[in-house]
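# Per-entry structural report
So you can see what is in the structure, the chains are spelled out below.
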Amino acid sequence: MSDKNAADGIVIRTPTVDDGGPMWRVVRDSGVLDLNSSYLYLLMATDFADTSVVAEMDGQIVGFVIGYRPPKRPDSIFLWQVGVDAAARGKGLGKRLLRAFLAAPGARGATLLETTISPSNEASRALFASIARELGVDNIESPHFTEEHFHPDQGHEAELLFRIGPLDPDEVRRRYGDCIA
């Protein structure tokens, strides 16, 4: 499953400080993702670069995944946000980014992939279910954040917790180790 030299010219790699602004732009332009401050994307591209990946095409960032290792759950890798530019949608880039995220240096040794997804986000739900099937592991869904937790952010939908695993780190490395440049 090598993505390093993808035929479509998209290279997936670890982010740098210069990628923070373009990551923010991908989210802003999506019109549907939660837009955080540009400062957050700069931090993710620097301090959390080992647990994040970007997709670059023709010198432009066209997608990313950002995440971290939760300090109280060191066996987990938490995926915070996936963003794919409109120009790169429909090419399976979300799944390629997720594979590369699991192969990222900061994800090594993780036995559980966690994320939260809004109940109405069918595309993300399908993406994570697909990865669980591909790896032959459980995909457990449970309530996590209610609408009330997002107060005063009125209108934010609840977020369900998805726990995918148990992951075999050696199998993840074997399958996806060449997905990141």
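Look above for the structure.
As a starting point, this report considers the structure included with it. It should be emphasised that the depicted structure is a prediction, and the values quoted were computed from it without experimental measurement. (Residues numbered from 1 in each chain as written. Predicted model: local features only at pLDDT ≥ 70, side-chain atom pairs only at ≥ 80, totals over all residues. Heavy atoms only, no water.)

## Considering the overall build of the protein chain
A count of helices and strands for the protein chain gives five helices and seven strands. Listing each helix as α and each strand as β along the protein chain from the N terminus yields β-α-α-β-β-β-α-β-α-β-β-α. The C-alpha atoms of the protein chain give 15 Å as radius of gyration, which agrees with the globular expectation for 181 residues (16 Å, within 12%). Across the 181 residues of the protein chain, 46% fall into the buried class. Considering only intrachain contacts with a sequence separation of at least 6, the fraction spanning at least 24 residues in the protein chain is 66%. Averaging the positions of the 19 positive and the 26 negative side-chain charges in the protein chain gives two centres separated by 5 Å. (Helix = DSSP H or I, 4+ residues; strand = E, 2+ residues; numbered from the N terminus. Rg over C-alpha atoms; globule rule 2.2 N^0.38 Å. Buried < 20%, exposed > 50% of the residue type's maximum accessible area, 1.4 Å probe, protein only. Contact = heavy atoms within 4.5 Å. Lys, Arg positive; Asp, Glu negative; His and termini not counted. Charge placed at Lys NZ, Arg CZ, Asp CG, Glu CD.)

## Some remarks on the sheet that holds strand S6 (residues 138–145)
Each strand in a sheet pairs with its neighbour through backbone hydrogen bonds, running either in the same direction (parallel) or in the opposite one (antiparallel). In spatial order, the strands read S1-S2-S3-S4-S5-S7-S6; together these seven strands make up an open sheet with mixed pairing. Each of the sheet's edge strands pairs with one partner strand only, and the pair in question is strand S1 (10–13) and S6. Taking each pair of neighbouring strands and ignoring which way they run, the sheet shows an average axis angle of 25°. Judged from the four bridges that link them, S1 and strand S2 (residues 52–57) form a sheet pairing that is antiparallel. Residue pairing across strands places isoleucine 12 opposite alanine 55, the latter belonging to S2. Contacts from helix H1 (residues 20–30) reach S2, strand S3 (60–68) and strand S4 (76–84) within the one sheet, and its direction differs from that of S3 by about 95°. (Pairing = 2+ DSSP bridges. Axes fitted to C-alpha atoms, helices over the stretch in contact; angles between N-to-C directions.)

## Let's talk about the pattern of salt bridges
The final tally for this structure, using the stated rule, is 14 salt bridges. Its salt-bridge partner being aspartate 85, residue arginine 25 comes within 3.0 Å of it at the nearest N-O pair. In this pair, arginine 25 sits in helix H1 while aspartate 85 sits in the loop between S4 and helix H3 (93–103), placing the two residues 60 residues apart along the sequence. In this structure, the salt-bridge partner of arginine 173 is aspartate 170, at a minimum N-O distance of 2.6 Å. Here arginine 173 and its partner aspartate 170 are both found in helix H5 (residues 169–176), three residues apart, which amounts to about one turn of the helix. Arginine 173 gets classed as partly exposed once you look at its relative accessible area, which sits at 47%. Given the relative accessible area of 49%, aspartate 170 is considered partly exposed. Members of the salt-bridge network, linked through shared partners, are Arg25, Arg28, Asp29 and Asp85. (Salt bridge = Lys/Arg side-chain N within 4 Å of Asp/Glu carboxyl O.)

## A closer look at the nonpolar core
Counting residues in each nonpolar core, the largest one holds 37 residues, and the members touching the most others are Val53, Leu93, Leu102 and Leu113. Core analysis: the second largest hydrophobic core is formed by 11 residues, Met23, Val27, Leu40 and Tyr41 among them. (Core = buried A, V, L, I, M, F, W, Y, C linked by side-chain atoms within 4.5 Å.)

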